Amino acid sequence: QVQLVESGGGLVQAGGSLRLSCAASGRTGSVVAMAWFRQAPGKAREFVATISWTSGSTNYADSVKGRFTLSRDIAKNTVYLQMNSLKPEDTAVYYCAAGRSRQYDYWGQGTQVTVSS
């Protein structure tokens, strides 16, 4: 089993920045990718970004490309989502996920990000 603990959410003004963290623990040896998703009230969950645990290769949703940066700290089993130039439409609960194969098997509890205008 893998446990994911998210942190770093909060309230920020439009144009500001936040850094989200997701620390993985447990049996993480088979995890090949970690990702962030978000869900705003009344909206479906949407993909934000993913990173290969082994290579560090990243992919981003078009809506955040150029503003968000996903990175990993292998020693700490932690991924970070640096969010810059935040917009009110970025307001959502952000969820960290870890995948062993093609699916994301483990999910964190989510952390609230609120961007005020």
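Rules used throughout
- Residues numbered from 1 in each chain as written.
- Predicted model: local features only at pLDDT ≥ 70, side-chain atom pairs only at ≥ 80, totals over all residues.
- Heavy atoms only, no water.
- Salt bridge = Lys/Arg side-chain N within 4 Å of Asp/Glu carboxyl O.
- Helix = DSSP H or I, 4+ residues; strand = E, 2+ residues; numbered from the N terminus.
- Buried < 20%, exposed > 50% of the residue type's maximum accessible area, 1.4 Å probe, protein only.
- Pairing = 2+ DSSP bridges.
- Axes fitted to C-alpha atoms, helices over the stretch in contact; angles between N-to-C directions.

Q: Would you explain the pattern of salt bridges in this entry?
A: A side chain of one charge can pair with a side chain of the opposite charge when the charged atoms of the two come close. Applying the stated criterion across every chain, the model contains five salt bridges. Ionic pairing is found between Glu46 and Arg38, a salt bridge with its closest N-O pair at 2.7 Å. The residue Arg38 makes a salt bridge to Asp90 at a minimum N-O spacing of 2.9 Å. Note that Arg38 is positioned in strand β4 (residues 33-39) and Asp90 in the loop between β8 (78-83) and β9 (92-99), a separation of 52 residues in sequence. With a relative accessible area of 1%, Asp90 lands in the buried category.

Q: Would you take a moment to explain the sheet that holds β8 for this structure?
A: In a beta sheet, neighbouring strands are held together by backbone hydrogen bonds and run either parallel or antiparallel to one another. If you trace the four strands from one edge of the open sheet to the other, you get β1-β3-β8-β7, paired in antiparallel fashion. With partners counted over all chains shown, the strands left at the sheet margins are β1 (2-7) and β7 (68-73), one partner each. Ignoring which end each strand starts from, the neighbouring axes of this sheet average 15 degrees apart. Across six bridges, the pairing between β1 and strand β3 (residues 18-26) is antiparallel. Each bridged residue has a counterpart across the sheet, and for Leu4 the counterpart in β3 is Ala24.

Q: How should unusual backbone geometry be read in this particular structure?
A: Backbone geometry follows two general trends: most residues other than glycine have a negative phi, and most peptide bonds adopt the trans configuration. Here Asn77, not a glycine, exhibits a phi torsion of approximately 50 degrees, which is positive. By relative accessible area, which is 25% here, Asn77 ends up partly exposed.

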